[in-house]
Amino acid sequence: MAFDSYAFAQIIKDELTKVPGVKRHDKYSFISCPFHQERTPSGRVLHDPDRAGIGNFKCYGCGHKATWNELADKLGL
């Protein structure tokens, strides 16, 4: 079965609606980093189906990077 990036992007967007305080944009969303304490969302999750790295997480506060599976596990999704 081929990888469907559009279906994966929709799954990511749907799952991120369960995260409190998510700030959703067209190609990515910002969330509070689950790897450190913060008050303002500084972690970006890519959900653009036309770019490489879909589902990848990067925190601009602490620098932590994670795959979608690592992030989803940490968030309890």
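Participant: Explain the pairing of strand 2 (residues 28-31) to me, and be specific about the residues and the numbers.
Facilitator: Residues Ser29 and Ile31 line the buried face of strand 2, whereas the alternating positions Tyr28 and Phe30 sit on a face that is not buried. In this structure, strand 1 (residues 23-24) lies alongside strand 2, joined through 2 bridges in antiparallel fashion. Looking at the pairing, Arg24 lines up with Ser29 of strand 2. Linking strand 1 to strand 2, which pair antiparallel, is a turn of 3 residues.

Participant: Tell me about the sheet that holds strand 1, and please be specific about residues and values.
Facilitator: Pairing is antiparallel in the open sheet, where 5 strands are placed in the order 1-2-3-4-5. Strands at the two margins of the open sheet, each flanked by one partner only, are strand 1 and strand 5 (65-66). Summarising the sheet, strand 3 (residues 43-46) and strand 4 (residues 57-59) pair through 3 bridges and their orientation is antiparallel. Looking at strand 4, one finds that Val45 is bridged to Phe57. Sheet strands in contact with helix 1 (residues 5-16) are strand 1, strand 2 and strand 3, and its direction is about 145° off that of strand 3.

Participant: Kindly report on the nonpolar core, identifying the contributing residues and their values.
Facilitator: Counting 15 residues, the largest nonpolar core has Ile12, Leu16, Ile31, Val45, Phe57, Trp68 and Leu71 as its most contacted members. Where this core is concerned, the elements lending two or more residues are helix 1, strand 4 and helix 2 (68-75). In this structure Leu16 touches Val22, Ser29, Ile31, Val45, His47 and Trp68, once residues within four positions along its chain are discounted.

Participant: Break down the pairing of strand 3 for me, citing the residues and quoting the values.
Facilitator: A regular strand carries its side chains on alternate faces of the sheet. The sheet contact formed by strand 2 and strand 3 spans 4 bridges and is antiparallel. From the neighbouring strand, Tyr28 faces strand 3, where its bridge partner is Leu46.

Participant: If you had to explain the packing of aromatic side chains to someone new, which residues and values would you point to?
Facilitator: Scanning the entire structure with this criterion turns up 3 aromatic pairs. Their ring planes at 90° and their centres at 5.6 Å tell us that Tyr28 and Phe30 sit as a pair that is edge-to-face. For Tyr28, a relative accessible area of 29% corresponds to the partly exposed category. Measuring from centroid to centroid gives 5.9 Å for Phe35 and Phe57, while their planes differ by 45°, and the two rings are tilted.

Participant: Describe the side chain of Asp48, with residues and values.
Facilitator: Its place among the elements puts Asp48 in the loop between strand 3 and strand 4. The buried charged residue Asp48 lacks any salt bridge, with Lys27 as its nearest oppositely charged partner at 4.0 Å. Here Asp50 takes part through its backbone nitrogen, which lies 3.0 Å from a polar atom of the side chain of Asp48. Each residue touching Asp48, except ones within four places of it in the same chain, is listed here: Lys27 and Ile54.

Rules used throughout
- Along every chain, residues carry numbers that run from 1 in the direction the sequence is written.
- Only residues with pLDDT of at least 70 are given local features in this predicted model, and only at 80 or more are side-chain atom pairs given and counted; all residues enter the totals for whole chains, interfaces and linings.
- Only hydrogens and water are set aside; all other atoms, that is, all heavy atoms of the structure, feed into the side-chain values.
- For every residue, the accessible area (1.4 Å probe, protein chains only) is compared with the maximum for its type, and the residue is labelled buried under 20%, exposed over 50%, or partly exposed between those bounds.
- Helical segments are the DSSP runs of H or I of at least four residues, strand segments are the runs of E of at least two, and each set is numbered from the N terminus.
- DSSP calls a pair of strands paired once it identifies at least 2 bridges connecting them.
- In this analysis, two residues are considered to be in contact whenever any of their non-hydrogen atoms come within 4.5 Å of each other.
- Where helices are involved, their axes are fitted lines through C-alpha atoms of the stretch in contact, as for all axes, and angles between N-to-C directions lie from 0 to 180°.
- For the purposes of this section, nonpolar cores are sets of buried Ala, Val, Leu, Ile, Met, Phe, Trp, Tyr and Cys residues that join through side-chain atoms within 4.5 Å.
- Centres within 6.5 Å are what make two rings of Phe, Tyr or Trp a pair, Trp counting through its six-membered ring; a difference in plane orientation under 30 degrees is then read as stacked, over 60 as edge-to-face, and the rest as tilted.
- Think of it this way: Lys and Arg go in the positive column, Asp and Glu in the negative one, and His and the chain ends go nowhere.
- We define a salt bridge as a side-chain nitrogen of Lys or Arg found within 4 Å of a carboxyl oxygen belonging to Asp or Glu.
- Throughout this description, a polar contact denotes any pair of N or O atoms lying within 3.5 Å of each other; where both atoms belong to protein, one of them has to be capable of donating a hydrogen while the other can accept it, and for residues adjacent in sequence the pair is counted only when both atoms sit in side chains.

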